[in-house]
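# Topology and contacts: notes
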Amino acid sequence: MAYNLLRGKRGIIFGALDENSIAWKTALKIKEEGGQFTLTNAPIAMRMGKIKELATQCQAEIIPADATLEADLQTLFTKSMEVLGGKLDFVLHSIGMSPNVRKDRPYGDLNYDWYLKTLDISGVSFHKVLQTAEKTDAMNEWGSIVALTYIASQRTFPDYSDMAQAKAVLESIARSYGYRFAKSKKVRVNTISQSPTKTTAGAGISGFDVFFDYAQMMSPLGNASGEDCANYIALMFSDLSRMVTMQNLMHDGGFSTTGITEDLIARLTK
Ligand SMILES: NC(=O)c1ccc[n+]([C@@H]2O[C@H](COP(=O)([O-])OP(=O)(O)OC[C@H]3O[C@@H](n4cnc5c(N)ncnc54)[C@H](O)[C@@H]3O)[C@@H](O)[C@H]2O)c1
């Protein structure tokens, strides 16, 4: 059901790779709610991804950008304002990648060049996005910027490896830049901490299916799906959440505040 929550709002969506991507589902939801946007991804991901299908469906323009490159981001923000005909009201950062995870390096034998890449792509890129948005004066007052994160930033999930540090950086940037952007432009900055979700990035974590089943058992409402996440992002981009900023918002069916569940007790009872 659509509520026209985003009618007249413009923005940028990073990270739609295929139909499982949280960003993909979010694009469809935002379109349904009346928003318009440009789509972006790293040039290499575009060759492999199916973003053109999504662009056609949403009547959105694609502007490639590697989120670690300031020049690409500058072009992206400037062109997006041109294409959409004005300043922006929302930005979704839905980006994550760890070469160490991808190449199965154990946490005690990390490649440090790759570690820095993980931090840059999955953490610092959020600062680059925010700084570019500010420097290009791209945001309207009361605009809303959201990045996606995972609870491994705060609690240890061994297979999440160096992505845990990247997510801790990401969440901290939301607080620090959120303060700055609120003061200067009344722009809101938050992270959403999402349940395990079956996507390309999710499935890249070894043992993902066990993560997923465990979280399902430990969440009184069950895992939040990609569609649920898209709905929450739409709410965060709407005027109905205008006083929420500098938060790490748990979107996890209750996982993060549950100690144990009857489901798990039944499973472990000998
Ligand atoms: N899937 C999960 O279980 C889960 C849970 C919590 C949070 N998240 C987060 O949600 C976000 C979206 O991931 P997803 O699960 O939809 O997977 P996904 O693989 O569909 O999306 C990740 C995206 O990051 C993009 N990307 C990688 N390097 C980039 C770069 N240098 N510049 C620009 N884009 C780049 C990829 O091309 C891809 O589109 C990520 O931040 C991820 O960590 C995912």
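Summary of the structure given here. (Residues numbered from 1 in each chain as written. Predicted model: local features only at pLDDT ≥ 70, side-chain atom pairs only at ≥ 80, totals over all residues. Heavy atoms only, no water.)

### Regarding the environment of D18
Note on placement: D18 falls in the loop between strand 1 (10-14) and helix 1 (22-32). Using a relative accessible area of 14% as the deciding quantity, one classes D18 as buried. Along the backbone, D18 and A203 are 185 residues apart, and their C-alpha atoms lie at a distance of 13 Å. Apart from residues lying up to four places away in sequence, D18 is in contact with W24, K50 and T200. A distance of 2.9 Å separates a polar side-chain atom of D18 from the backbone nitrogen of N20. (Helix = DSSP H or I, 4+ residues; strand = E, 2+ residues; numbered from the N terminus. Buried < 20%, exposed > 50% of the residue type's maximum accessible area, 1.4 Å probe, protein only. Contact = heavy atoms within 4.5 Å. Polar contact = N/O pair within 3.5 Å; in protein donor to acceptor, adjacent residues only side chain to side chain.)

### A word on the layout of surface pockets
In this model, the largest pocket occupies a volume close to 1,400 Å³. In terms of lining, the largest pocket is formed by 45 residues, of which the most central are S94, I95, G96, M97 and A201. Contributing elements (two or more residues each) for the lining of the largest pocket: helix 1, helix 2 (43-48), helix 5 (99-102), helix 6 (112-135), strand 5 (139-149), helix 7 (163-185), helix 8 (200-203) and helix 9 (208-218). Taken together, the residues that form the lining of the largest pocket break down as 24 nonpolar, 16 polar and five charged. Quantified by volume, the second largest pocket comes out at close to 150 Å³. Residues of the lining of the second largest pocket, tallied by class, amount to six nonpolar, five polar and one charged. (1 Å grid on protein atoms, 1.4 Å probe; cavity = no way out; pocket = protein on both sides within 12 Å on 5 of 7 lines; lining within 4 Å. Points joined across faces, edges and corners; volume = space filled by probe spheres on them. Nonpolar A, V, L, I, M, F, W, Y, C, P; charged D, E, K, R; others polar.)

### Details of the side chain of D89
Relative to the helices and strands, D89 is located in strand 4 (residues 88-93). It is R10 that comes nearest to the buried, bridge-free D89 among opposite-charge side chains, at 4.8 Å. At 3.0 Å, the side chain of D89 forms a polar contact with the side chain of N140. In contact with D89, other than residues within four places in its own chain, are G8, K9, R10, M139, N140, G143 and S144. (Lys, Arg positive; Asp, Glu negative; His and termini not counted. Salt bridge = Lys/Arg side-chain N within 4 Å of Asp/Glu carboxyl O.)

### Section: helix 9
Within an α-helix, residues lying three or four positions from one another point in the same direction, as the helix has 3.6 residues per turn. Buried residues of helix 9: F208, F211, F212, A215, M217 and M218, and no others. Of the surrounding elements, those touching the buried residues of helix 9 are helix 8 and helix 11 (262-268).

### Here we look at the packing of aromatic side chains
Per the counting criterion, the structure on display carries 10 aromatic pairs. Relative to F212, the ring of F208 has its centre 6.1 Å away and its plane inclined at 40 degrees; by these criteria the two rings are tilted. Residue F208 and its partner F212 are located together in helix 9, separated by four residues, close to a single helical turn. Each member of the pair, F208 as well as F212, is classed as buried. (Phe/Tyr/Trp six-rings, centres within 6.5 Å; stacked < 30°, edge-to-face > 60°.)

### Regarding the pairing of strand 6 (residues 188-194)
Of all seven residues in strand 6, seven are buried, a share of seventy percent or more. Going residue by residue along strand 6, you find R188, N190, I192 and Q194 tucked away on one face and V189, T191 and S193 tucked away on the opposite face as well. Pairing geometry for strand 5 and strand 6, over six bridges, is parallel. Pairing of S144 across the sheet is with R188, part of strand 6. The handedness of the strand 5 to strand 6 crossover, carried by helix 7, is right-handed. (Pairing = 2+ DSSP bridges. Right-handed = clockwise from strand over helix to strand, strands pointing away.)

### Things to note about the side chain of S238
As for its placement among the helices and strands, S238 is situated in the loop between helix 10 (226-237) and strand 7 (248-251). With relative accessibility at 1%, the residue S238 sits in the buried group. From its side chain, S238 meets the backbone oxygen of L235 in a polar contact 2.8 Å long. Contacts of S238, omitting those with residues within four sequence positions, involve L5, L6, K9 and R188.

### Here's the deal with the packing of helix 1 against helix 10
Where helix 1 contacts helix 10, the two axes come as close as 8 Å, and the packing angle between them is 55 degrees. Considering the angle they form, helix 1 stands oblique to helix 10. Helix 10 is crossed by helix 1, and the crossing has right-handed handedness. On helix 10, the residues touching I22, K25, T26, K29 and I30 of helix 1 are G226, E227, C229, A230, N231, I233, A234 and F237. Residue composition of the contact of helix 1 with helix 10, by class: seven nonpolar, three polar and three charged. (Axes fitted to C-alpha atoms, helices over the stretch in contact; angles between N-to-C directions. Parallel < 35°, antiparallel > 145°, perpendicular 65-115°, else oblique. Left-handed = near helix turned anticlockwise from the far one by under 90°.)

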